[in-house]
Amino acid sequence: MAFVIDATLEIEAPAELVWQVITDFPRYGEWNHFLSACQSTLKPGEPIDLMVRLSEGAPRRQREWVVSHTPGREFSYSMKPAPLGALHSRRFHQVTPLSPTRSRYQSHFELAGWLQPLVRALLGSRLERGFAGMTAGIKARAEGLRSRG
């Protein structure tokens, strides 16, 4: 059974603005305490380089691979699977317009493989806090930019 973290939020900002927030990788450090930096072309098959902060210490570099990208709507990425099915992951972001001024943001993280229970025991609560903080940060950033705007 996979370890899954899902979140869905309605945001008082246009979908285009929410998309801008989640793809403005150079500014992640201004609002995102979980992924303090990110770099990617978002082209499927190419890398996405992340600086992940799982604790109060320095962030850790992590390279994953873009799986899908529909501009303005969604992108997903995955870790390189560990040998023998030990561990694999999938992460996606999706933005859906609800009206000209409102949108829905969906976040999904899934970790599976026979090592998943160990990783969940060691890092599960940190991952849950990190993804929750990132999701709240996306909402706050988009609504803040909209109000300035």
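Which parts of the structure should I look at to understand the overall build of the chain?
Counting its secondary structure elements, the chain contains three helices and seven strands. Traced from its N-terminal end to its C-terminal end, the chain shows the element sequence β-α-α-β-β-β-β-β-β-α. By the compact-globule yardstick of 15 Å for 149 residues, the chain fits well, its C-alpha radius of gyration being 15 Å. If you line up the chain on its principal axes, its C-alpha atoms span 50 × 30 × 25 Å. When each of the 149 residues of the chain is scored for burial, the buried share is 40%. Counted over contacts in the chain with a minimum sequence separation of 6, partners at least 24 positions apart contribute 52%. Surface summary for the chain: the accessible area is close to 8100 Å², and the carbon and sulfur share equals 55%. Side-chain charges of the chain comprise 19 positive and 14 negative groups, with the mean position of each set lying 3 Å from the other.

Please explain the sheet that holds strand β5 (residues 74-78) as it appears in this structure.
Strand pairing within a sheet occurs via backbone hydrogen bonds; the two strands may be parallel or antiparallel. As summarised here, the arrangement of the seven strands in space is β1-β7-β6-β5-β4-β3-β2, forming an open sheet in which the pairing is antiparallel. The open sheet is flanked by β1 (3-11) and β2 (35-40), the only strands paired with a single partner. Between one strand and the next, the sheet's axes are offset by a mean angle of 20 degrees, whatever the strand orientation. Sheet analysis places strand β4 (residues 60-70) next to β5, joined by five bridges and oriented antiparallel. Looking at β5, one finds that V66 is bridged to Y77. Where helix α3 (residues 116-148) meets the sheet, its contacts fall on β1, β2, β6 (88-99) and β7 (102-112), and the angle it forms with β1 comes to roughly 10 degrees.

Teacher, can you tell me more about the packing of helix α1 (residues 15-23) against α3 here?
As a packed pair, α1 and α3 sit with axes 9 Å apart at the nearest point and diverge in direction by 125 degrees. Relative to α3, the element α1 is oriented oblique. Crossing angle aside, the handedness with which α1 passes α3 is right-handed. Between α1, through L17, V18, V21 and I22, and α3, the contact on the second element is made entirely by I138, R141, A142, L145 and R146.

Explanation requested: the side chain of R91 in the structure shown.
By the element assignment, R91 lies in strand β6. One buried charged residue, R91, remains without a salt bridge, the closest side chain of opposite sign being D6 at 7.7 Å. Within polar-contact distance, the side chain of R91 engages the side chain of S107 at 2.4 Å. In contact with R91, other than residues within four places in its own chain, are F75, S76, Y77, Y105, S107, H108, F109, F131 and M134.

Where do I start with the pairing of β4 in this structure?
One face of the sheet, then the other: side chains in a regular strand alternate in exactly this way. Across six bridges, the pairing between strand β3 (residues 47-52) and β4 is antiparallel. Bridging across to β4, P47 finds its partner in W65. Once β4 ends, the chain turns through three residues before running back antiparallel as β5, passing G72 with a positive phi of about 80 degrees.

I'm lost on the packing of aromatic side chains in this one. Help?
Pairs of aromatic rings are described using the distance from one ring centre to the other and the angle between the two planes. A full pass over the atoms with the stated rule returns eight aromatic pairs. Judged by centre distance (5.5 Å) and plane angle (75 degrees), the rings of F25 and Y28 are edge-to-face. The buried category is assigned to F25, whose relative accessible area is 6%. Of the residues examined, Y28 reaches a relative accessible area of 1% and is grouped as buried. Ring geometry for F109 versus F131: centroids 4.8 Å apart, planes at 35 degrees, classification tilted. Residue F109 is located in strand β7, and its partner F131 is located in helix α3; the two are separated by 22 residues in the primary sequence. Comparing F109 with F131, the two get one shared label, buried.

The rules behind the values
- Residues numbered from 1 in each chain as written.
- Predicted model: local features only at pLDDT ≥ 70, side-chain atom pairs only at ≥ 80, totals over all residues.
- Heavy atoms only, no water.
- Helix = DSSP H or I, 4+ residues; strand = E, 2+ residues; numbered from the N terminus.
- Rg over C-alpha atoms; globule rule 2.2 N^0.38 Å.
- Buried < 20%, exposed > 50% of the residue type's maximum accessible area, 1.4 Å probe, protein only.
- Contact = heavy atoms within 4.5 Å.
- Areas by Shrake-Rupley, 256 points an atom, 1.4 Å probe, with all protein chains shown as cover.
- Lys, Arg positive; Asp, Glu negative; His and termini not counted.
- Charge placed at Lys NZ, Arg CZ, Asp CG, Glu CD.
- Pairing = 2+ DSSP bridges.
- Axes fitted to C-alpha atoms, helices over the stretch in contact; angles between N-to-C directions.
- Parallel < 35°, antiparallel > 145°, perpendicular 65-115°, else oblique.
- Left-handed = near helix turned anticlockwise from the far one by under 90°.
- Salt bridge = Lys/Arg side-chain N within 4 Å of Asp/Glu carboxyl O.
- Polar contact = N/O pair within 3.5 Å; in protein donor to acceptor, adjacent residues only side chain to side chain.
- Phe/Tyr/Trp six-rings, centres within 6.5 Å; stacked < 30°, edge-to-face > 60°.

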